[in-house]
Amino acid sequence: MNLFKGISYNLRGLRLAFKTPRLLLLGLIRFAVIVLLTVVSVGTVLYFHQDIMNLVWAKPASVWLQWIWHIVSWMVSLLLIGITTVLAYLVSQILFSVVIMDAMSRFTEQMTAGHEMAPESMPLLKQFFYLVRQELPRTTIPVLVMLILMVLGWLTPLGPILTVVSTGIAVIFLSWDNTDLVPARRMQTFSKRFQFLLRTLPFHLGFGLLFLIPLLNILFLSFAPVGATLYYTEQIDTLGNSE
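Because the structure is predicted, anything quoted here is derived from the model rather than measured.

**Points about the overall build of the protein chain**
(1) Moving on: Within the protein chain, the regular secondary structure consists of 10 helices and 0 strands.
(2) Moving on: Helices (α) and strands (β) of the protein chain occur, in sequence order from the N terminus, as α-α-α-α-α-α-α-α-α-α.
(3) Moving on: With 243 residues in all, the protein chain has 41% of them scored as buried.
(4) Moving on: In the protein chain, once contacts between residues fewer than 6 apart in sequence are set aside, the share between residues at least 24 apart is 77%.
(5) Moving on: Summing over all exposed atoms, the protein chain offers an accessible surface of approximately 13,300 Å²; the carbon and sulfur share of this is 76%.

**Concerning the pattern of salt bridges**
(1) Moving on: Using the criterion set out here, one finds 6 salt bridges in the structure.
(2) Moving on: We note a salt bridge from R106 to D102, for which the minimum N-O separation is 2.6 Å. Here R106 pairs with D102, and both are found in helix 4 (residues 63-113), just 4 residues apart, close to one helical turn.
(3) Moving on: We classify R106 as partly exposed; its relative accessible area is 21%.
(4) Moving on: For D102, the salt bridge goes to R185, with nearest N and O atoms at 3.2 Å. On the criterion of sequence distance, the pair formed by D102 in helix 4 and R185 in helix 7 (residues 181-185) is long-range, its members being 83 residues apart. Of the two residues, D102 and R185, both sit in the buried class.
(5) Moving on: Members of the salt-bridge network, linked through shared partners, are D102, R106, E109, R185 and R186.

**Considering the nonpolar core**
(1) Moving on: Counting residues in hydrophobic clusters, the biggest one holds 25 residues, and the most contacted among them are Y9, L23, M104, F207, F211, V226 and Y231.
(2) Moving on: Of all elements in the fold, only helix 1 (2-19), helix 2 (21-47), helix 4, helix 9 (201-209) and helix 10 (216-238) reach the threshold of two or more residues within this core.
(3) Moving on: The leading source of residues in this core is helix 10, at 10 residues.
(4) Moving on: Those residues within four positions of Y9 in sequence are excluded, and the remaining contacts are F203, F207, G227, L230, Y231, E234 and Q235.

**Topic: the packing of helix 1 against helix 9**
(1) Moving on: As a packed pair, helix 1 and helix 9 sit with axes 6 Å apart at the nearest point and diverge in direction by 45°. As far as their axial angle goes, helix 9 and helix 1 are oblique. You can see that helix 1 and helix 9 cross each other, and the crossing is right-handed. Contact residues: N2, L3, K5, G6, I7, Y9 and N10 in helix 1; P202, F203, L205, G206, F207 and L209 in helix 9.
(2) Moving on: For the contact of helix 1 with helix 9, the class distribution of residues is 8 nonpolar, 4 polar and 1 charged.

**Considering unusual backbone geometry**
(1) Moving on: Positive phi, close to 70°, is recorded for M187, a residue that is not glycine.
(2) Moving on: Relative to the helices and strands, M187 is located in the loop between helix 7 and helix 8 (190-199).

**Topic: a nonpolar patch on the surface**
(1) Moving on: On the surface, V63, W64, L65, W67 and I68 cluster together to form a nonpolar patch covering roughly 640 Å² of accessible area.
(2) Moving on: With respect to the secondary-structure elements, W67 resides in helix 4.
(3) Moving on: On the basis of relative accessible area, W67 is assigned to the exposed category, the value being 60%.

**Here we look at the environment of S166**
(1) Moving on: Examined against the element boundaries, S166 turns out to sit in helix 6 (residues 159-179).
(2) Moving on: What makes S166 buried here is its relative accessible area of 11%.
(3) Moving on: Along the sequence, S166 and P142 sit 24 residues apart, while their C-alpha atoms lie 8.9 Å from each other.

**As for helix 8**
(1) Moving on: Among the residues of helix 8, those classed as buried are R193, F196 and L197. For helix 8, the angular spread of buried residues about the axis comes to 100°, placing them on one side.

**Some details on the environment of V99**
(1) Moving on: The topology assignment puts V99 in helix 4.
(2) Moving on: By relative accessible area, V99 is classed as partly exposed at 36%.
(3) Moving on: Sequence spacing of V99 and L131 is 32 residues, and the spatial spacing of their C-alpha atoms is 7.2 Å.

**Quick look at the side chain of H204**
(1) Moving on: Its location among the elements puts H204 in helix 9.
(2) Moving on: A residue is classified by how much of its surface remains accessible, and H204, at 0% relative accessible area, is buried.
(3) Moving on: Residues in contact with H204, not counting those within four places in the same chain, are V171, I172, S175, W176, T179, F196 and L197.

About the cut-offs
Residues numbered from 1 in each chain as written. Predicted model: local features only at pLDDT ≥ 70, side-chain atom pairs only at ≥ 80, totals over all residues. Heavy atoms only, no water. Helix = DSSP H or I, 4+ residues; strand = E, 2+ residues; numbered from the N terminus. Buried < 20%, exposed > 50% of the residue type's maximum accessible area, 1.4 Å probe, protein only. Contact = heavy atoms within 4.5 Å. Areas by Shrake-Rupley, 256 points an atom, 1.4 Å probe, with all protein chains shown as cover. Salt bridge = Lys/Arg side-chain N within 4 Å of Asp/Glu carboxyl O. Core = buried A, V, L, I, M, F, W, Y, C linked by side-chain atoms within 4.5 Å. Axes fitted to C-alpha atoms, helices over the stretch in contact; angles between N-to-C directions. Parallel < 35°, antiparallel > 145°, perpendicular 65-115°, else oblique. Left-handed = near helix turned anticlockwise from the far one by under 90°. Nonpolar A, V, L, I, M, F, W, Y, C, P; charged D, E, K, R; others polar. Patch = residues over 30% accessible without salt bridge, like charges linked within 9 Å, V, L, I, M, F, W, Y side chains within 5 Å. Arc of directions from axis to C-beta.

Okay, structure coming up:
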């Protein structure tokens with residue numbers, strides 16, 4: 001049932017955001033930042049496509065080898081586009097989106113709980129670096145795990161199984177990136193927050209399943225802090241449920 005509860009809270013958060021002008025604006029800003037950095041990074045790869053390929057393999061004189069060269073060149077470009085897209089997402093998360101996500105989470109908590117349960121305020125710059133420190137493990141751990149599983153998929157016959165496993169891990173960590181906003185803001189230790197993730201894996205898997213829908217996934221990701229904060233304030237703060 002926690003799996004369906006995760007899906008439900010993601011949809012509830014999206015509905016609330018669309019009915020609340022401030023949350024809608026913050027979500028659209030986050031959406032624009034991710035898309036802008038992705039377009040810039042991909043455009044840079046395509047613009048320097050020829051120069052990059054010449055560094056890898058100079059265009060051969062043979063007509064037959066040129067066919068292979070063109071295939072290889074676009075395979076290299078696709079690989080670089082994939083890498084730059086991931087890097088663009090990481091940069092947008094760590095330097096920009098983490099602040100927007102925190103603002104969305106704070107406002108949602110104030111709306112639903114009537115107040116914000118947080119430690120005493122800190123200077124703006126210190127707060128920014130604190131948020132970045134919290135975001136680093138949430139963002140880098142899933143990327144490293146997925147890279148390890150990808151390599152194992154290449155080296156072993158378990159590729160199809162590891163693809164499913166890595167997808168599940170990715171959506172779980174993407175969900176935790178949002179549900180962890182509240183406890184991280186309250187200065188809970190990383191170990192305690194990670195234990196919370198392990199106790200609520202079915203919920204996080206359900207919450208993240210909507211991130212797998214093509215095209216709509218960026219929309220759900222942009223407004224996910226709202227549903228995640230709703231879950232934490234209603235299920236953890238109010239009811240004390242963590243399983």
